[in-house]
Amino acid sequence: MLEPLRQGLPPIDPSAVSGSATCTLPARFEAVGGARRFTRTTLNGWGLTERFDDVALVVSELVTNALRHALPAEGATGESPDPAVRLHLMRWSSRLVCAVRDPSRESPIASEAPDCAESGRGLFLVESFSDSWGWHPSPETGEFGSVRAMRGKVVWALFRI
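Residues numbered from 1 in each chain as written. Predicted model: local features only at pLDDT ≥ 70, side-chain atom pairs only at ≥ 80, totals over all residues. Heavy atoms only, no water.

**Q** Please set out the packing of aromatic side chains residue by residue, giving values where relevant.
**A** Each aromatic ring pair is summarised here by two numbers: the centre-to-centre distance and the angle between the ring planes. Following the criterion strictly, the structure yields zero aromatic pairs and no others. Between the NZ or CZ atom of arginine 40 and the centre of the ring of phenylalanine 52, over which it lies, the distance is 3.8 Å. (Phe/Tyr/Trp six-rings, centres within 6.5 Å; stacked < 30°, edge-to-face > 60°. Lys NZ or Arg CZ within 6 Å of the ring centre and 35° of its normal.)

**Q** Any chance you could break down the side chain of arginine 51 for me, citing the residues and the numbers?
**A** Relative to the helices and strands, arginine 51 resides in the loop between helix 2 (31-45) and helix 3 (52-70). The exposure class assigned to arginine 51 is buried, which follows from its relative accessible area of 18%. Excluding anything up to four places from it in sequence, arginine 51 contacts Leu43, Phe159, Arg160 and Ile161. (Helix = DSSP H or I, 4+ residues; strand = E, 2+ residues; numbered from the N terminus. Buried < 20%, exposed > 50% of the residue type's maximum accessible area, 1.4 Å probe, protein only. Contact = heavy atoms within 4.5 Å.)

**Q** I'd like a description of helix 2, backed by residues and values.
**A** In this model helix 2 runs 21 Å from its N-terminal to its C-terminal C-alpha over 15 residues, within 8% of the 21 Å that 1.5 Å per residue would give. For helix 2, the set of buried residues is Ala31, Val32, Ala35, Phe38, Thr39, Thr42 and Leu43. Projection of helix 2 onto a plane perpendicular to its axis shows the buried side chains occupying an angular sector of 125°, all on one side. Counted as exposed and oriented over 90 degrees from the buried face of helix 2: Arg37, Thr41 and Gly45. On its buried face, helix 2 sits against strand 1 (19-25), helix 3, strand 2 (85-91) and strand 3 (95-102). Backbone geometry just after helix 2 places glycine 47 at a positive phi near 70°. (Expected span 1.5 Å × (residues − 1). Arc of directions from axis to C-beta.)

**Q** Got a sec to walk through the environment of glutamate 50? Specific residues and values, please.
**A** Tracing the backbone through its elements, the reader meets glutamate 50 in the loop between helix 2 and helix 3. For glutamate 50, a relative accessible area of 60% translates into the label exposed. As for glutamate 50 and isoleucine 161, which are separated by 111 residues in sequence, their C-alpha atoms are 10.0 Å apart.

**Q** Go over the pattern of salt bridges with me, naming the residues and quoting the values.
**A** Within this structure, the stated rule accounts for four salt bridges. Across the pair arginine 160 and aspartate 131 runs a salt bridge whose closest N-O atoms are separated by 3.9 Å. Of this pair, arginine 160 sits in strand 5 (residues 147-160) while aspartate 131 is found in the loop between helix 4 (122-129) and strand 4 (132-141), placing the two residues 29 residues apart along the sequence. (Salt bridge = Lys/Arg side-chain N within 4 Å of Asp/Glu carboxyl O.)

Right, here's the structure in full:
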């Protein structure tokens, strides 16, 4: 999952990786609150409490987008027992990445929302509050780490710390 994130970024020394945490989220909109709590706990443990507001806003937007746009219609209502969205937080000495994996192969699309719209600005907020963001297809791995097929995508945001 990290290799595509590194493309286009300055080289990251693997020995500088100082932490990672993963949270599997249920396919319900209430999962956004759980993702924020997970983010708060993780950042507190890493001594990054001062970054919580920006990171939590981005996590909320990425998880909301995954639930709203990437799940089958029944997934957002809680009828699907299979948790389809995962939140990954990864920390290096000078960078923090939050990544959300979902089952859709559709690329995220930033669009202009009318001034009166109550939604539609999520990726604009992600771009505004993070240092960079992007996405890539998520490989489905088989036995011994071999890639069997592309399944879903990962949308990520990078923060310099």
